[in-house]
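Letter by letter, the chains look like this.
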Amino acid sequence: MERTVGKELALAPLQDWGEESEDGAVFSVTLRRQRSQRSSPGAGPARGQPLLPVADTFLHYRTSKVRSLRAARLERLMRELVSGDREQDPGFVPAFLATHHAFVPTACVLRFLLPPPPPPLPPLPQRTESEKTEGHDLSLNKNLRAVVSVLGSWLRDHPQDFRDPPTHSDLGRIRVFLSWAAPGGAEAQEAKKLLEDFLEEADQEQKEEQPVLWTGPPRAAQPPRPDSPKGFPEEEEGPQREGPELLDFSVDEVAEQLTLMDAKLFSKVRSCECLGSVWSQRDRPGASGVAPTVRATVAQFNAVTGCVLGSVLGAPGLAASQRAQRIEKWIRIAQRCRELRNFSSLRAVLSALQSNPIYRLKRSWGAVSREPLSTFRKLSQIFSDENNHLSSREILSQEEATEGPQEEDSSPGCLSSKLPSGPVPYLGTFLTDLVMLDTALPDVLEGDLINFEKRRKEWEILARIQQLQRRCRSYSLRPHPPVLAALRAQRQLSEEQSYRVSRVIEPPAASCPSSPRIRRRISLTKRLRSCLGRRAHPQAGVPGTPHHPPPVCLQGPLHPVPEPRSLLLEVPQVLQVLRAQAPSGP
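One structure accompanies this document, and this report is about it. Predicted, not measured: the structure shown is a model, and the values here were computed from it.

Our focus in this paragraph is the overall build of the protein. A count of helical and extended segments in the protein gives 23 helices and five strands. Within the span of the protein, comprising 586 residues, buried residues form 43% of the whole. Contacts spanning at least 24 positions in sequence make up 77% of the contacts within the protein whose residues lie at least 6 apart. Entry remark: accessible area of the protein is about 31500 Å², with carbon and sulfur atoms responsible for 52%.

Following this line, the structure appears as C-alpha cells:
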C-alpha cells in the first residue's frame, strides 16, 4: 500500500476495544494511537549533523492498550488507589476522592491506606548495615510513596473531608503517618496548616455573636388577623426598624452585596454533598443535617425571592405606578447581577418576578416602562427550560471561558472599572443533573461490583463545580453592613400570604391581564412540574381560594416559573409520573 510522505492518516486517536475482567474488577480497554516522526530508512543523520527536513521523513504510529477501571469490589477499588497506573488512568484517583462518600466513608478508606508505623530503630552505633539502609529503603518504597501522593491530593482538593470537630481525629491520624513516612514534606505541611485553619475557624465562630453568612431575613410577616384592614398581614410586634429600606439603596449596592453572599456560600459548598445519592436524602426523616452547605445556598436563594416578594407586595396602599417602580428596580438589580455574572441571585429575582403573586398584577406591569420590560424579557430567556435549559448552560460555559479586563488602578471592592471574577452559577442545575444521573445509573453491577463508571460521570460534574468555586474566590467585594442589615430586616411573605395580598391589591377579573408574556413552548417539563406542584401543594388557606391558582385568561401561552421553593424537580416523582402517563400499548 502506498503511503503519502508527510501526510497523517485520518484515523481516530482512540478506539474502543472492549472489556477485560480480572481479580474482581472490570476494565474498559481502548487502543491509543500515538504519532512519532522518524527519518527514512538508511537516511539517518550522522552525529553532529543537522536533522533531515520534513520531506525526508515518514510518519510512524505506535498503538498502545489503555485500561480504565469500570467496576470493581470495594477492596479492589481502594487497592487501585495505591497500585494503579496513574499514566494509564489519570482520572481514577480524583474521581474516587470526589465520590467515595457515595459508597464508603472516609475513615474506612484511611484505615485501608495508612499502614502502622514501623518499629523504632536501635541506637545508631548498634545498627547493622542492613538496618542503616532500612530507612532509605523505606523512603523509596513504591506503595508508601503512592499513599503519600494520594493523601496530598486529598488534602488539597477535599480538605473538608477531614473536618471532624473538636479533635479532627482523621486529620490527626494522617499527621502521625506523615510524620514518619514523609517528615518535612509538602503533604505534612499541608496537614499541619489544615489543622491550624480548622482550629482557628472554631475559635472565630465562638467569638462571633452573629453568623457571618446570611441565613435569611429574620423579620417575617405574621398571619393576618380577622379584623386586619384590607387583608394585609400584620407586622411583627415590637419597635419598628429604623433606617433605610432595602430598595432605598442603589442598584449596584444591592446587587454587589447579593453577589458577595452568593460567592461566599457557593465557594464553601462541599462537592460531595451535591451527589445525587446524598442530596436526594435531604427530605427523609432525621436527615435535617444532610448537606448543610448545599442547604445554605438553597436558603439564600429562597431568601432573595422572599425579599422581592416582600418589597413588591408588602407595602399596602401603593399606587400601580409606585409598585411598577419597585418592579423596575428589581429588574435593574437582576441586570446588574447579570453583569456581575451572578446567575444565582439573577434567577432568584426573576423567579420571584415571574411568580403568580407578582406576575398577575396587570395594572402594575402595565405601568412598567418599555426599556426595563424589554430587559426583563431578555433576562428571562436565559433560564428558558427548553432543551434541558440549554440556553443557561451555554451562557455559563461562555462566561467560564471569559476573562474580565483587569485594571491596575482599580481599588478592591470597586466594580465600576473592571468585570469581576466568577461566575456564580445557579447550583440547582448541577443538583438536578446529579440527581438524574444517580437515578438513571445503578450503584452496583452484576457480581456485587461497584459501578465506578457512574462515579466518573459524577466526577465530571463535580470537577466543574470545583473549577467554578476557584473562580468565585477571586471576587474583590467588601461587605456593606447597612445593605446587609436591610436584607435581614426585609419583610418576608409566605407563598400563601403572597397570593392573598396579591388578590387584595388587584382582585381577580375576567379580562385578560397586560402582564409581560414570555412565549415558550409547552414542554413536558412544564407539564410534569405543574403536576408535581399540585401534588406537593394541596389546596389550603382561605376557603374557596386555591393555594396555587389556575392561570387567568391570556392572549398567548404563558407559563410562569413555579414558586421559588419548587424550582428543583424531584426526579423520583417525575419518573413515577412518566410511568403513570406512559401508554400501555405500542
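Now that the structure is up, let's keep going.
Moving on, we get to unusual backbone geometry. Omega for the bond connecting P165 with P166 falls within 30 degrees of zero, at 5°, which places this linkage in the cis form. Tracing the backbone shows P166 in the loop between α6 (142-157) and α7 (169-181). Residue A291 is not a glycine yet carries a positive backbone phi of 55°. You can see A291 is positioned in the loop between α10 (276-279) and α11 (292-313). A positive phi is found at D448, a non-glycine position, where the angle reads about 55°. Take D448: it is sitting in the loop between β4 (444-445) and β5 (449-451).

On to helix α12 (residues 320-339). For α12, spanning 20 residues, the distance from its first C-alpha to its last is 29 Å, which sits close to the expected 28 Å at 1.5 Å a residue. Within α12 the residues assigned to the buried category are R323, A324, I327, E328, K329, W330, I331, I333, A334, R336, C337 and R338. Among the residues trailing α12, R341 stands out with phi positive, at a value near 65°.

Together, K264, K268, R470 and R473 line one region of the surface with positive charge. For R470, the position within the fold is in helix α19 (residues 452-472). R470 gets classed as exposed once you look at its relative accessible area, which sits at 52%.

Over its 22 residues, α11 extends 31 Å from the first C-alpha to the last, a length consistent with the 32 Å expected when each residue adds 1.5 Å. Most of α11 sits out of view: 17 of its 22 residues are buried.

Turning next to the packing of aromatic side chains. By convention here, two paired aromatic rings are described through the distance between centres and the angle between planes. Applying the stated rule across the entire model yields eight aromatic pairs. Ring geometry for F92 against F452: centres 4.9 Å apart, planes inclined by 40°, an arrangement best described as tilted. Here F92 is found in helix α2 (residues 92-99), whereas its partner F452 is found in helix α19, with 360 residues between them in sequence. In this pair, the class of F92 matches that of F452, namely buried. By the ring-pair criterion, three or more aromatic residues cluster together here, those being F92, F96, F103 and F452. Above the face of the F27 ring, R67 is positioned so that its terminal group lies 4.0 Å from the ring centre.

The next subject is the packing of helix α1 (residues 74-83) against helix α3 (residues 106-113). Remark: α1 packs on α3, axes separated minimally by 10 Å, with the N-to-C direction vectors making an angle of 60°. When the axis of α1 is compared with that of α3, the two are oblique. In this structure, the crossing between α1 and α3 has a hand that is right-handed. On α3, the residues touching E75, M78, R79, L81 and V82 of α1 are C108, V109, F112 and L113. The residue inventory of the contact of α1 with α3, partitioned by class, reads seven nonpolar, no polar and two charged.

Turning to the pattern of salt bridges, a few remarks are in order. For side chains bearing opposite charge, pairing can occur when the charged atoms are close. For the structure on display, the rule yields 24 salt bridges. The salt bridge partner of R67 is E22, with a shortest N-O separation of 3.3 Å. Residue R67 is located in strand β3 (residues 57-72), and its partner E22 is located in strand β1 (residues 14-22); the two are separated by 45 residues in the primary sequence. Across the pair E22 and R76 runs a salt bridge whose closest N-O atoms are separated by 3.6 Å. Of the two residues, E22 is situated in strand β1 and R76 in helix α1; the sequence distance between them amounts to 54 residues.

How each quantity is defined
Residues numbered from 1 in each chain as written. Predicted model: local features only at pLDDT ≥ 70, side-chain atom pairs only at ≥ 80, totals over all residues. Heavy atoms only, no water. Helix = DSSP H or I, 4+ residues; strand = E, 2+ residues; numbered from the N terminus. Buried < 20%, exposed > 50% of the residue type's maximum accessible area, 1.4 Å probe, protein only. Contact = heavy atoms within 4.5 Å. Areas by Shrake-Rupley, 256 points an atom, 1.4 Å probe, with all protein chains shown as cover. Expected span 1.5 Å × (residues − 1). Patch = residues over 30% accessible without salt bridge, like charges linked within 9 Å, V, L, I, M, F, W, Y side chains within 5 Å. Salt bridge = Lys/Arg side-chain N within 4 Å of Asp/Glu carboxyl O. Lys, Arg positive; Asp, Glu negative; His and termini not counted. Charge placed at Lys NZ, Arg CZ, Asp CG, Glu CD. Phe/Tyr/Trp six-rings, centres within 6.5 Å; stacked < 30°, edge-to-face > 60°. Lys NZ or Arg CZ within 6 Å of the ring centre and 35° of its normal. Axes fitted to C-alpha atoms, helices over the stretch in contact; angles between N-to-C directions. Parallel < 35°, antiparallel > 145°, perpendicular 65-115°, else oblique. Left-handed = near helix turned anticlockwise from the far one by under 90°. Nonpolar A, V, L, I, M, F, W, Y, C, P; charged D, E, K, R; others polar.

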